[in-house]
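Here are the chains, one letter per residue:
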Amino acid sequence: MRIDVKDSKGRSLYGVVVNPERPPAVVKSPLEEAGPLALDWDRAIDDTHHLRRCPVCGCEDLYVRKEAPHVTLFALLLIAAVAMMLLFGLGQVVWAIAVLVVVVLVDLAVFFFAQRILVCYRCLTEYRQVPIRRGHAGFDRQIAGKYRRG
Ligand SMILES: [Zn+2]
């Protein structure tokens, strides 16, 4: 399991890899100023090895997010848009539609093969390489608002 610790604004601080079979109570932070990170594993993992609460802050609200390479997709869309405009301008409608089909296929591939990660609503810590229950809820604006207000 990879744990990516965030600051209060959601910026990545550092990541640590822990063995969920023998979860450590404390991990050393690679940042000298951050100090050691205490992890509370009490009732954090259920019988089916699913994470049900955040070991960093103890919050029981976690959501699932798909991790897509945003910058790459944006660049692909930009290139596709320019290519389509050029192809339409040159009267190459079939090739312009082919570009559109390729973009749709890449988008579908990213949707189906993107890694799913768990994110804590309170401390924004991200958990990768963890088993995630089928149907685990995604981001909910109301729950997030509850933690933003305090
Ligand atoms: Zn948390």
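Going by the structure above, here's the rest.
None of the values given here were measured: they were computed from a predicted structure.

J.: Explanation requested: the side chain of R128 in the structure shown.
T.: By secondary structure assignment, the location of R128 is in strand β7 (residues 126-128). Within the local environment of R128, its side chain forms a polar contact with the side chain of D4, the two groups lying 2.4 Å apart. Those residues in contact with R128 that lie beyond four places of it in its chain are M1, R2, D4, E67, Q115 and I117.

J.: I'm lost on the coordination of the zinc ion in this one. Help?
T.: All of the protein donors around the zinc ion are C54 (SG), C57 (SG), C120 (SG) and C123 (SG); their distances to the metal are 2.2 to 2.3 Å. Its four donor atoms give the zinc ion angles of 104 to 114 degrees at the centre, a pattern that matches the tetrahedral case. Within one chain, the residues serving as donors to the zinc ion are arranged as C-x2-C-x62-C-x2-C. Here the residue C54 occupies a position in the loop between β4 (37-38) and β5 (62-67), and C120 occupies one in strand β6 (residues 115-120), the gap between them amounting to 66 residues. Looking at C120, the relative accessible area reads 0%, which means it is buried.

J.: Help me out: how do you make sense of the layout of surface pockets in this one?
T.: The probe, sized like a water molecule, is rolled over the atoms to show the empty space still left. The calculated volume of the largest pocket comes to roughly 190 Å³. What lines the largest pocket is D7, S8, Y63, Y121, R122, C123, L124, F139, A144, Y147 and R148. At three residues, helix α3 (residues 141-149) tops the list of elements feeding residues into the lining of the largest pocket. Classifying every residue of the lining of the largest pocket gives seven nonpolar, one polar and three charged.

Calculation rules
- Residues numbered from 1 in each chain as written.
- Predicted model: local features only at pLDDT ≥ 70, side-chain atom pairs only at ≥ 80, totals over all residues.
- Heavy atoms only, no water.
- Helix = DSSP H or I, 4+ residues; strand = E, 2+ residues; numbered from the N terminus.
- Polar contact = N/O pair within 3.5 Å; in protein donor to acceptor, adjacent residues only side chain to side chain.
- Contact = heavy atoms within 4.5 Å.
- Donors = N, O, S within 2.8 Å, 3.2 Å for Na, K, Ca; no water.
- Tetrahedral: all angles 85-135°; square planar, octahedral: opposite > 155°, others 65-115°.
- Buried < 20%, exposed > 50% of the residue type's maximum accessible area, 1.4 Å probe, protein only.
- 1 Å grid on protein atoms, 1.4 Å probe; cavity = no way out; pocket = protein on both sides within 12 Å on 5 of 7 lines; lining within 4 Å.
- Points joined across faces, edges and corners; volume = space filled by probe spheres on them.
- Nonpolar A, V, L, I, M, F, W, Y, C, P; charged D, E, K, R; others polar.

Everything listed is a geometric property; what it means functionally is a separate question.
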